Structure formats: structure tokens, C-alpha cells
Amino acid sequence: MALPKEETYTYVDYLAWDENERIELLYGAPVLMAPPSRRHQEILTELTRQLANFLEGKKCRIYPAPFGVRLFEREGDGPEDVDTVVEPDLSLICDHSKLDDQGCKGAPDMVIEILSPSTQRHDRLTKLNLYQRAGVREYWIVNPEDKTVQVMLLEEGVYRVADVRTAQDIIKVNSLEGCYLELEKVFR
């Protein structure tokens, strides 16, 4: 489906677009996303499995893409006021008041992005800056090529690299007390 010919868009437009298209909305500009690779989906599935198993019976929830996150939506905003909607590969949300039928309004507690050749710059720069500005406390960048996970934690409004782990490691999920993931299973 062709996008309407306007200069800027809002969540109103986003809701009208074809559900089969993967589109993010960044400050009113639509960004089309290519379908993920099989390898990307295998990594996403394993991360989701491990996190969902840990979260069973707990209050936090994990949501894999496609799952709309309206990072800067505030109480009282209508769809016409929202100009940024992202679809992180994984979103961890512990505050249920941020959830509605369309996804998440506000910053998730943690976001995971899995790199692909076409998204590296977008995930490492654009999304990092968006998540930092929105207040996402923990941001992971998963690199399937070199089998690493870079963990960034928000401290005083700025991300700092807190950890880098490889396929042989166990990695701590800082947003979930007592949660550790087996990267050997993620990158097998």
C-alpha cells in the first residue's frame, strides 16, 4: 500500500496503514522495515522463550515484534498528538498501566534490538537516541554476525555500556532481579 502524500504523519495515520507492512513512525516520518531474516527470528524466538519462562507467574511481561511502542505518549494525548511509534524486537514492560490494546504508551523497562545488515545504523544510532530520550532503562543490541550482546544502562539520562557478552556467556538481565539468559542457546 502506498503511503498518503503528506509531509508528517501521526498515530492516526499509522493506525490506518496496512497491518502487513512493517512501518515505524519517527517524529512524523514513516520508516519502512524489511522483513526479518530466518536467523533474526530464531534469535528472537529463543530470547522470548527464555524471558517468558523466567517471567511465568511474575508481573512483568515480554512482547516480541510486531508490538507498537509509543515512546513519548503522555497522559491525555490523543492519536493525533503522537508522532513516534517504534516496534522493538522485544519489549519488557512491568508497569501494566502503560499497556493498552494497541501496545505500549511510554517507555518500556527494557528493549532488545537484533541487528541486521539493513538496520545496524538505525538500531545503533537512531533507536539508541530515541530509547535514551524516552527513558528506557536497559537497551540490548544483539549482533548475530559476531554473536555478541551489548548491554546499555541509562544513568542520569545517558546510556553507558554496562556489559558485552558473547555466545559462550550467561548474561544478566538488569531489569529483572535474578534473571540470567544462556547466550549459547540464543546463538546456536
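Just so you know, these numbers come straight off a predicted model, no measurement behind them.

Trainee: Give me the overall build of the protein: which residues, what numbers.
Mentor: A count of helical and extended segments in the protein gives four helices and 13 strands. The globule rule puts the C-alpha radius of gyration for 188 residues at 16 Å, and the 16 Å found for the protein is close to it. Principal-axis analysis of the C-alpha atoms places the extent of the protein at approximately 50 × 35 × 30 Å. The 188 residues of the protein split such that 48% are buried. Across the protein, the fraction of contacts at a sequence separation of at least 24, relative to all contacts at a separation of at least 6, is 55%.

Trainee: Give a detailed account of the state of the cysteines, specifying residues and quantitative values.
Mentor: Counting across every chain of the model gives one disulfide. Cysteine cysteine 104 shares no disulfide, and the gap to the nearest cysteine sulfur, in cysteine 94, comes to 11 Å. Between cysteine 179, a free cysteine, and cysteine 60, which holds the nearest cysteine sulfur, the sulfur-to-sulfur gap is 9.9 Å. A relative accessible area of 1% places cysteine 179 in the buried class.

Trainee: Just give me the short version of the sheet that holds strand β4 (residues 68-70), but keep the residues and values in it.
Mentor: If you walk across this open sheet you meet the three strands as β4-β7-β6, and the pairing is mixed. Each edge of the sheet is formed by a strand with only one pairing partner; in this case those strands are β4 and β6 (99-100). Bridging between β4 and strand β7 (residues 103-105) involves three bridges; their strand directions are parallel. Following the sheet pairing, valine 69 is matched in β7 by cysteine 104.

Conventions adopted
Residues numbered from 1 in each chain as written. Predicted model: local features only at pLDDT ≥ 70, side-chain atom pairs only at ≥ 80, totals over all residues. Heavy atoms only, no water. Helix = DSSP H or I, 4+ residues; strand = E, 2+ residues; numbered from the N terminus. Rg over C-alpha atoms; globule rule 2.2 N^0.38 Å. Buried < 20%, exposed > 50% of the residue type's maximum accessible area, 1.4 Å probe, protein only. Contact = heavy atoms within 4.5 Å. Disulfide = S-S within 2.5 Å. Pairing = 2+ DSSP bridges.

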